[in-house]
Amino acid sequence: MTHLLTSIITTGETHLLFGYSNVTNLRIPSIVDSGARAVLFVESQPHFLPALQQLQQDGKLTVIVDPGFAGKIQEYLTSLGRSEVDHVVDRVFVSLSDLSVKQDIFNRCRRLRIPINTTDSPELCTFTMLSTYASGDFQFGVTTNGKGCKLALRIKREIINHLPNNMDEICDTIGELRKTIQEEDNLELESGEHEDDAVNTHKFNSFVPEFNQSKEDLKLQRTRWLSQIVEYYPLNKLNMISINDLSNAYKLHKQAQQEAPEPPLKKQSFKKGELTLVGSGPGSVSLLTLGALQAIHSADLVLADKLVPQQVLDLIPTTHGTKLFIARKFPGNAEKAQQELLSLGLEALNKGQKVVRLKQGDPYIFGRGGEEFNYFEQRGFKPVVIPGITSALAAPVLSNIPMTHRDVADQVLICTGTGRRGAVPNLPEFVPSRTTVFLMALHRVVELIPMLVEKKNWDVDLPCAIIERASCPDQRVIRTTLGKIAEAVESCGSRPPGLLVTGYACEVIWKKQTNAAWVIEEGCEFGNDSELQRIVELVNQDCKPKSIEDWTETRKQVTV
């Protein structure tokens, strides 16, 4: 059984510690740092470390030497606390070897509802301590639920090694942005729910209109922008985000909403730069093609979709001066952000630079790749297009869904759930022998499902699967039926990007073995991204690869 993890505010509390051990040496500074008063009971005066000696001299640690404290537990528990809680202490820590004394302290604490932690005795604990790390206002903790402090410490170190070293700055920046947006836009809702909470619900990706916006739409725009940028933007760069970054994504309701004029068509007499439209696949680095890797490592400028995951962006060589710009396509700003991206690309091409337009999945599967190809070709720069593995095909495979299967499904259809400017697209009729994949549809399933059932004759009992963040370590699959999809999304929240797979093929391999309305599967162990990361590190140490052969040779060296 998992425990309920919390971050407790202990300022001004009184914490009692019975017994002295190596664990106590670590625990007392943590108690004092949290703002609580530490009172230590021992049978004889221990030899303290200098740090504890200093805390005692500063009056932050009280030491009571009492050989008979075991017979006065009730008195100490109910007399040393704060007056506002009738002098009952707030928390108890026990580091003793006598089982009968430990059991007595535990029983008394339970009756008084005092949280208690007993070292090396999980059965005598009402809470356990986490192995914690702090950097400014950023804190995280690891617990093994009593299975070993050393293991928790090791796991903590591993996590720290994979975190940006500026987590305190990131917390400060995002916290100030959130506060500013809340104050300026007065976002408190009548129900008491705050719009920022939508990040954990199905509302996270709900549609925000871009045109003919009301004042309330504009308010929604900024808070969704912040929620989504925290979810998608490279973590180590979040400390550089500011309100000014909204200048192209947000217009005050007093300002006129006008389309930015298109740059005039201008045929170039000669090619100054090179452009490559690159599909980055669904998420895993292992699903990138060698051609995509070569293009990324030869680029001067990478223009990336906001959904390209961090592990792919990490492949961009920082040592070669390659610049990265992530599309600011946040709620209500898709068209303007797209124009901004095209303008940046055109400017770089006119300077003779190599530009990579890094797109999620495949450039031509609902990725506006064709539009971008025409845009740049009309201005004198014919792009090279490198295919990518679309999530529409990869996600079902990674979820054990064979989209075609003899006597079950003989055709596949890929649809979108969102048309131009947010319109509902022309939805397909129901075909029992077809597997249909809906992209960009999860934010409006509550609206779409009745339309499919009532107008297009879809079966409410049709097996379905919601697949989110396909091929990434935090992939999630929710298996249910068409009639339960909306309820499942509302209950489980959103983890974009995601898609919906429908059809009887969903139960060819996976078989339902429960009466639950839906089943959730977490995680994806696909791929060996670590090997590819090692290849990238070796190439970065040398120079930009000039051909696919460079990658092949480097892979051989790493394998050897």
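Please read these numbers as outputs of a predicted model, since none were measured by experiment.

## Observations regarding the environment of Pro 46
Of note, Pro 46 is situated in the loop between β2 (37-42) and α2 (50-57). Note on Pro 46: relative accessible area 17%, which makes it buried. Residues Pro 46 and Gly 19, spaced 27 residues apart in sequence, show a C-alpha to C-alpha distance of 9.9 Å.

## Some words on helix α13 (residues 445-456)
Each α-helix turn comprises 3.6 residues. Residues three or four places apart therefore point the same way. For α13, the full list of buried residues reads Val 445, Leu 448, Ile 449, Leu 452 and Lys 456. Angular distribution of buried residues about the axis of α13 spans 100 degrees; they occupy a single face of the element. Summarising the geometry of α13, the exposed residues directed more than 90 degrees from the buried face are Glu 454 and Lys 455. Residues of α13 that are buried sit in contact with β14 (434-439) and α14 (485-492). Directly beyond the C-terminal end of α13, a positive phi value near 65 degrees is found at Asn 457.

## Side note on the pairing of strand β1 (residues 14-18)
The buried count for β1 comes to five of five residues, which makes it a mostly enclosed element. Across five bridges, β1 lies against β2 in parallel orientation. When the sheet's bridge partners are listed, Phe 18 is paired in β2 with Phe 41. For the segment spanning β1, helix α1 (residues 22-33) and β2, crossover handedness is right-handed. Of the strand pairs in this sheet, β1 and strand β4 (residues 91-94) are connected by four bridges, and their pairing is parallel. The partner of His 15 across the bridge, within β4, is Arg 91.

Conventions we followed
- Residues numbered from 1 in each chain as written.
- Predicted model: local features only at pLDDT ≥ 70, side-chain atom pairs only at ≥ 80, totals over all residues.
- Heavy atoms only, no water.
- Helix = DSSP H or I, 4+ residues; strand = E, 2+ residues; numbered from the N terminus.
- Buried < 20%, exposed > 50% of the residue type's maximum accessible area, 1.4 Å probe, protein only.
- Arc of directions from axis to C-beta.
- Contact = heavy atoms within 4.5 Å.
- Pairing = 2+ DSSP bridges.
- Right-handed = clockwise from strand over helix to strand, strands pointing away.

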